[in-house]
Amino acid sequence: MPVQFLNGHFLLKDYEYSAHHTYIKLISPLFRNGSLEISNRMTQKAQQFSLEKLNEAYGKKTVYQRVENLYVDFEAKDIMLTSAFAATSAFLLKVFSDVNKDQVIYFIDTGYHFPETLIYKEYLTKLYDLKVVEIRAGQEKHQQTKDEQLWEKDPNKCCFINKVEPLDHIKKDFKVWVSGLMKWQSNFRASLDYFEQREEILKFYPLLDIGFIERDEFIREHHLPFHPLKSKGYNSIGCHHCTVPGSDRSGRWNNSPKTECGLHL
Ligand code: SF4
């Protein structure tokens with residue numbers, strides 16, 4: 001698609017794709033001298049949408065329709081799906097396994113998961129025939145977090161080494177990153193939209209408007225297994241060093257002001 005670069009913006013037919021990856025609707029189409037191939041970030045079909053239009057369109061759909069439509073608007077090879085195999089994970093994994101059995105699911109192995117989480121991961125993997133790929137920090141870096149007990153002294157650094165960095169290594173290979181965040185989980189998550197541009201990747205949250213009760217109803221109605229710790233009062237489950245039983249996400253980093261691991265910020 002021929003586009004022009006003007007004042008730091010790629011100009012499409014009706015929309016402007018800025019150097020900061022923000023779509024801005026133009027008052028009138030602007031095509032002037034010179035052309036530039038638009039970056040290959042999205043398929044041509046998806047390029048025709050602004051973020052605003054994507055959010056408007058997907059907001060009207062059911063969760064299944066959102067995931068089905070994702071494979072219409074984007075190429076399967078460009079879609080990255082992550083799962084923590086935590087309290088809410090069975091929902092999204094079930095939807096993806098119904099829509100596209102070949103979708104790879106990336107699991108970040110922090111080295112500090114509850115044994116129950118690893119058992120749950122194996123169970124769901126077999127149950128839905130999931131294609132799970134594990135990623136983790138390099139041994140030396142992980143060992144540093146262990147030796148220094150960074151989850152106590154500097155949890156942000158611990159999360160960065162064990163979660164953010166390993167994912168950063170593969171993120172560059174994809175254009176859309178799907179995760180199961182829901183608005184009710186935190187104030188930060190309540191502020192999100194279905195699609196959000198985060199640096200070089202477009203983030204997609206198909207479960208964003210699903211409530212706590214709806215989530216549990218879906219899991220029960222579809223006879224999905226709950227995470228084994230759910231019945232012990234854990235409603236949000238991360239690493240064992242930083243998780244205690246609690247409602248919503250109150251059991252995460254409950255001894256510090258931290259509320260997010262940094263993956264989604
Ligand atoms: S959740 Fe806790 S243990 Fe896990 S990576 Fe973050 S700080 Fe470290």
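Quick caveat, the model's predicted, so the values are computed rather than measured.

A.B. asks: How should the packing of helix α6 (residues 139–147) against helix α8 (residues 155–171) be read in this particular structure?
C.D. replies: In the contact formed by α6 and α8, the axes pass within 10 Å of each other and the chain directions differ by 155 degrees. Overall, the two elements α6 and α8 adopt an arrangement that is roughly antiparallel. Here α6 runs over α8; the crossing is left-handed. Where α6 approaches α8, its residues Lys-141, His-142 and Thr-145 are matched on the opposing element by Cys-158, Ile-161 and Asn-162. When the residues that make up the contact of α6 with α8 are grouped by side-chain class, the tally is two nonpolar, three polar and one charged.

A.B. asks: Sorry, what's going on with the sheet that holds strand β8 (residues 131–135) here?
C.D. replies: Pairing between the strands of a sheet comes from backbone hydrogen bonds, and it takes one of two forms, parallel or antiparallel. Ordered by their spatial adjacency, six strands build an open sheet running β8-β7-β6-β9-β11-β10, and the pairing between neighbours is mixed. Edge strands, defined here as strands with exactly one partner in the open sheet, are β8 and β10 (195–198). Strand-to-strand twist in this sheet, taken as the mean axis angle between neighbours without regard to direction, amounts to 30 degrees. Sheet topology places strand β6 (residues 79–82) next to strand β7 (residues 104–108); two bridges connect them, and they run parallel. Within the sheet, the bridge partner assigned to Thr-82 lies in β7 and is Tyr-106. Sheet strands in contact with α8 are β6, β7, β8, β9 (176–178) and β11 (201–204), and its direction is about 150 degrees off that of β7.

A.B. asks: Just checking my understanding: could you explain the site of the ligand for this structure?
C.D. replies: Close contacts around the ligand come from 13 residues, with Pro-155, Cys-158, Cys-159, Cys-239 and Cys-242 the closest. In terms of residues, the shell around the ligand owes the most to one element, α8, which gives five residues. The residue inventory of the shell around the ligand, partitioned by class, reads eight nonpolar, four polar and one charged.

A.B. asks: Is there a simple way to think about the pairing of β8 in this case?
C.D. replies: Along any regular strand the residues' side chains alternate between the sheet's two faces. With five bridges connecting them, β7 and β8 associate as parallel partners. In the sheet register, Ile-105 faces β8, and the bridge partner there is Val-132. Between the parallel elements β7 and β8, the chain passes through helix α5 (residues 115–128) in a crossover that is right-handed.

A.B. asks: Would you mind showing me how to read the pairing of β10 here?
C.D. replies: Looking at chain direction, β10 and β11 are connected through four bridges and run antiparallel. Each bridged residue has a counterpart across the sheet, and for Arg-198 the counterpart in β11 is Ile-201.

A.B. asks: It is not clear to me how the environment of Lys-172 should be interpreted in this structure. Could you clarify?
C.D. replies: Mapped onto the fold, Lys-172 is located in the loop between α8 and β9. Separated by 29 residues in the primary sequence, Lys-172 and Ile-201 have C-alpha atoms spaced 7.8 Å apart.

Rules used throughout
- Residues numbered from 1 in each chain as written.
- Predicted model: local features only at pLDDT ≥ 70, side-chain atom pairs only at ≥ 80, totals over all residues.
- Axes fitted to C-alpha atoms, helices over the stretch in contact; angles between N-to-C directions.
- Helix = DSSP H or I, 4+ residues; strand = E, 2+ residues; numbered from the N terminus.
- Parallel < 35°, antiparallel > 145°, perpendicular 65-115°, else oblique.
- Left-handed = near helix turned anticlockwise from the far one by under 90°.
- Contact = placed C-beta atoms within 7 Å.
- Nonpolar A, V, L, I, M, F, W, Y, C, P; charged D, E, K, R; others polar.
- Pairing = 2+ DSSP bridges.
- Near = placed C-beta within 6 Å.
- Right-handed = clockwise from strand over helix to strand, strands pointing away.

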